[in-house]
Amino acid sequence: MKKIICSIVAFSLFGCAELQQIATQYPGLGTISNSEIALGLKEALNNGITKEVTKLTATDGFYKNQAVKILLPPELQKVDKGLRDIGLGNLADEGIKLLNRAAEDAVKEATPIFVDAVKNMTFNDAKNILLGSENSATLYLQNATTTPLYGKFNPVIKKSLSKVGADAAWKNIITKYNAIPLTTDVNPDLNDYVTQKALEGVFKMIAVEEKDIRTNLNARTSDLLKKVFALQDNK
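What you see is a predicted model; the values in this text were computed from it and never measured.

## Here we look at the overall build of the chain
Here comes step 1: Helices and strands together make up the secondary structure of the chain, namely 11 helices and zero strands.
Here comes step 2: Counting from the amino terminus, helix and strand elements in the chain follow one another as α-α-α-α-α-α-α-α-α-α-α.
Here comes step 3: Burial analysis of the chain (235 residues in total) assigns 43% to the buried set.
Here comes step 4: In the chain, the share of contacts with a sequence separation of at least 24, taken over all contacts with a separation of at least 6, comes to 79%.
Here comes step 5: Counting every atom, the chain has about 12,000 Å² of accessible surface; 54% of that belongs to carbon and sulfur.

Printed below as a string of structure tokens:
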């Protein structure tokens, strides 16, 4: 770890002669520039974003992915049970599917925001991500994009819930549940709930891709990725 950190700091502070000296001292690393480190991390992030966001925007991208499937909020779990108890399980299942459909629709708005965050990454950001934990890149994106993503997702979720019929379906579901004797009426904010869960799902899948590129040599699909992540391998 110490050797690698010293090497990277040296890249920032010294000129060509000093870089050559470092390359001689640590021949396994070769020479690598600040710009290559930054470009390599940006390539890795863009690859992960493209791959994972595309998966989530497909039909059933959320609904049939158990890692990110949106289930009912706590206040609606009793609604689910109540409906199934009176033979309306199919209605509850359809309601869950429609929540996931809205998330799949909204995530299409994510890519431009992620691209801007990656574009604005500095060398220090890249260096810290490269030598950080296995989810450092994901955490960087969370810090940089959560607020703008929420702002984009929420109105799309609201529109999507209407487009796929989820708002009408859940109004019907909740009305039927609230009519069941001896139950407490519920009126959850589904827009906010689905928005939050869509965000969680996006970052969870990007974290999966980040871990893969850090640990699986075959996931490093370019010479630049191989060169940059070799630094991480030797930390």
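## A look at unusual backbone geometry
Here comes step 1: Notably, Asp-60 is not glycine yet its phi reads approximately 75 degrees, a positive angle.
Here comes step 2: Take Asp-60: it is sitting in the loop between helix 3 (34-57) and helix 4 (74-85).

## A look at empty space enclosed by the protein
Here comes step 1: In this structure the tally under the stated criterion is one cavity of 30 Å³ or more.
Here comes step 2: As a volume, the largest cavity reaches approximately 110 Å³.
Here comes step 3: Looking at the largest cavity, the residues that line it are Leu-41, Ala-44, Leu-45, Gly-48, Ile-129, Ala-137, Ile-206, Glu-209, Glu-210, Ile-213, Arg-214 and Phe-229.
Here comes step 4: For the lining of the largest cavity, the elements supplying multiple residues, two or more each, are helix 3 and helix 10 (190-215).
Here comes step 5: In terms of residues, the lining of the largest cavity owes the most to one element, helix 10, which gives five residues.
Here comes step 6: Broken down by class, the residue content of the lining of the largest cavity amounts to eight nonpolar, one polar and three charged.

## Some details on helix 7 (residues 123-130)
Counting along an α-helix, one turn takes 3.6 residues, and residues three or four places apart therefore face a common direction.
Here comes step 1: All of the buried residues along helix 7 are Phe-123, Ala-126, Lys-127, Ile-129 and Leu-130. Axial view of helix 7: buried residues confined to an arc of 165 degrees, hence all on one face.

## Regarding the pattern of salt bridges
Here comes step 1: The full count for this structure, using the stated rule, is nine salt bridges.
Here comes step 2: Put simply, Asp-60 and Lys-64 hold a salt bridge, and the shortest N to O gap is 3.6 Å.
Here comes step 3: Residue classification places Lys-64 among the exposed positions, given a relative accessible area of 61%.
Here comes step 4: Connected through shared salt-bridge partners, Asp-60, Lys-64, Arg-101 and Glu-104 make up one network.

## Thoughts on the nonpolar core
Nonpolar side chains tend to gather and get buried jointly when the protein is soluble and globular.
Here comes step 1: Formed by 66 residues in total, the largest nonpolar core has its most connected members in Phe-114, Leu-141, Phe-153 and Trp-170.
Here comes step 2: A per-element tally of this core places helix 10 first, with 10 residues.
Here comes step 3: Contacts of Phe-153, omitting those with residues within four sequence positions, involve Ala-106, Val-107, Glu-109, Ala-110, Thr-195, Ala-198, Leu-199 and Val-202.

## Observations concerning helix 11 (residues 223-233)
Here comes step 1: For helix 11, the complete set of buried residues consists of Leu-225, Val-228, Phe-229, Leu-231 and Gln-232. On an axial view of helix 11, the arc spanned by its buried residues comes to 130 degrees, and they lie on one face.

What counts as what
Residue positions are given per chain, counting from 1 as you read along its sequence in written order. Side-chain atom pairs in this predicted model are given and counted only at pLDDT of 80 or more, local residue features only at pLDDT of at least 70, and totals for whole chains, interfaces and linings cover all residues. Here the side-chain values reflect all heavy atoms present in the structure, with hydrogen atoms and water set aside. For the purposes of this entry, the term helix denotes a DSSP run of H or I that reaches at least four residues, the term strand denotes a run of E that reaches at least two, and both are numbered from the N terminus. Remark: exposure states derive from per-residue accessible area (1.4 Å probe, protein chains only) relative to the maximum for the residue type, with buried under 20%, exposed over 50%, and partly exposed in between. The contact definition used throughout considers only heavy atoms, calling two residues in contact when any of these lie within 4.5 Å. Here the Shrake-Rupley method, with its probe set to 1.4 Å, supplies the accessible areas, and only the displayed protein chains count as covering residues. Within this scheme a cavity is a closed region of a 1 Å grid, computed over the protein atoms alone, that accommodates a 1.4 Å probe without allowing it to escape, whereas a pocket is open but has protein on both sides within 12 Å along at least five of seven lines; lining residues each have an atom within 4 Å of a point. Grid points are joined across faces, edges and corners, and a volume is the space filled by probe spheres set on the points. Polar here means any residue outside two lists: the nonpolar Ala, Val, Leu, Ile, Met, Phe, Trp, Tyr, Cys and Pro, and the charged Asp, Glu, Lys and Arg; Gly therefore counts as polar. For this quantity, the arc is that covered by the directions from the helix axis to the C-beta atoms. When a carboxyl oxygen of Asp or Glu lies within 4 Å of a side-chain nitrogen of Lys or Arg, that pair is called a salt bridge. Only buried residues count toward a nonpolar core. Its members are Ala, Val, Leu, Ile, Met, Phe, Trp, Tyr and Cys residues joined through side-chain atoms within 4.5 Å.

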